[in-house]
Amino acid sequence: MIQTCLFPAAGYGTRFLPATKSLPKEMLPILTKPLVHYGVDEAFEAGMDNMAFVVGRGKRALEDYFDISYELEHQIAGTNKEPLLDEIRNLMNKLTFSFTRQNEMKGLGHAIYTGKTLVRDEAFGVILADDLCVNENGEGVLAQMMRIYERYRCSVVAVMEVSKEQTKSYGVVSGRVIEDGLLMVDDMVEKPDPADAPSNLAIIGRYILTPDIFNILERTSPGKNGEIQITDALKTQAKQGMVLAYKFKGRRFDCGSIEGFVEATNYFYEKIYGKK
Ligand code: UTP
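Residues numbered from 1 in each chain as written. Predicted model: local features only at pLDDT ≥ 70, side-chain atom pairs only at ≥ 80, totals over all residues. Heavy atoms only, no water.

S.K.: Just to check I follow, could you spell out the layout of surface pockets for this structure?
M.R.: The method is simple in principle: a probe with the dimensions of a water molecule rolls over the atoms, and the space it marks as empty is what remains. By volume, the largest pocket amounts to about 1,200 Å³. Every residue lining the largest pocket is counted, 37 residues in all, and those nearest its centre are R15, K25, L128, D130 and K191. Of all the elements, strand 11 (residues 201-209) adds the most residues to the lining of the largest pocket, at four residues. Tallied by class, residues from the lining of the largest pocket come to 15 nonpolar, 12 polar and 10 charged. (1 Å grid on protein atoms, 1.4 Å probe; cavity = no way out; pocket = protein on both sides within 12 Å on 5 of 7 lines; lining within 4 Å. Points joined across faces, edges and corners; volume = space filled by probe spheres on them. Helix = DSSP H or I, 4+ residues; strand = E, 2+ residues; numbered from the N terminus. Nonpolar A, V, L, I, M, F, W, Y, C, P; charged D, E, K, R; others polar.)

Given below as structure tokens:
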């Protein structure tokens, strides 16, 4: 029902310099697949078929990944290496990919606003591919959120519990519990001082947004760090109507940090090759 998934991927990724000097961090691989590939898998599983990217520098690496590589494919055709491209080919056959460019890095809210041209006037998913989510025995996080959206038809953010100290690294929400694992948001703060955090529920990189968010973002002034924050826009949206915070099932790796990236690598290595 929701067709488009937006991937904001224009950030500088400074924690991975120098690798991210010429490569978007979303192209860093966990084993053999770049982070963005895991994100596209999750969106596809949730039923979305239009993958929309907001890119900055290193745009070509992302575009080329979702395009045919004639020379390479010709070279390995008929060899035992050919199946290595099966997964990406399968995605390319089933999905469409579009790209737009964020010329100035003015924050996640601004990146999402830049994606307006790629999103029709309907609700859409957002994946920050550096948050890699897995749910071993059930459906992926975005698919879980789709079910919530189908019932409530409003914006949904995925949240997880963190320690009070860690709240300073996240958007933090508070609200009223309306059912098990689901809150109606009444407050949101971007990267609060732990003493001011309204709760210990941190937003991770998964959203379903209704299209009125674009008008709100257009009128949202720069907030924390001088950036246009999606958190501020969502707080406005929560006041005007309803925004839900969903405690997702599964595990999230913060692959925007070195520790999270290594953890995810070890997790998939063990899972795929059965080794630690
Ligand atoms: P981060 O806060 O992780 O920033 O952005 P970053 O630049 O990617 O990484 P560091 O902190 O310098 O290492 C969260 C998400 O928002 C996107 C990023 O690509 C990432 O997916 N983003 C952020 C944009 O697309 N544009 C922006 O202006 C800011």
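Still more to cover.
S.K.: Please clarify how the packing of helix 1 (residues 35-45) against helix 4 (residues 86-94) should be interpreted in this entry.
M.R.: The contact between helix 1 and helix 4 brings their axes to 12 Å, and the two run at 50°. Relative to helix 4, helix 1 is oriented oblique. Relative to helix 4, helix 1 is oriented so that their crossing is left-handed. In contact with H37, V40, D41 and F44 of helix 1, helix 4 contributes E87, I88, L91 and K94. Of the residues assigned to the contact of helix 1 with helix 4, the class counts are four nonpolar, one polar and three charged. (Axes fitted to C-alpha atoms, helices over the stretch in contact; angles between N-to-C directions. Parallel < 35°, antiparallel > 145°, perpendicular 65-115°, else oblique. Left-handed = near helix turned anticlockwise from the far one by under 90°. Contact = heavy atoms within 4.5 Å.)

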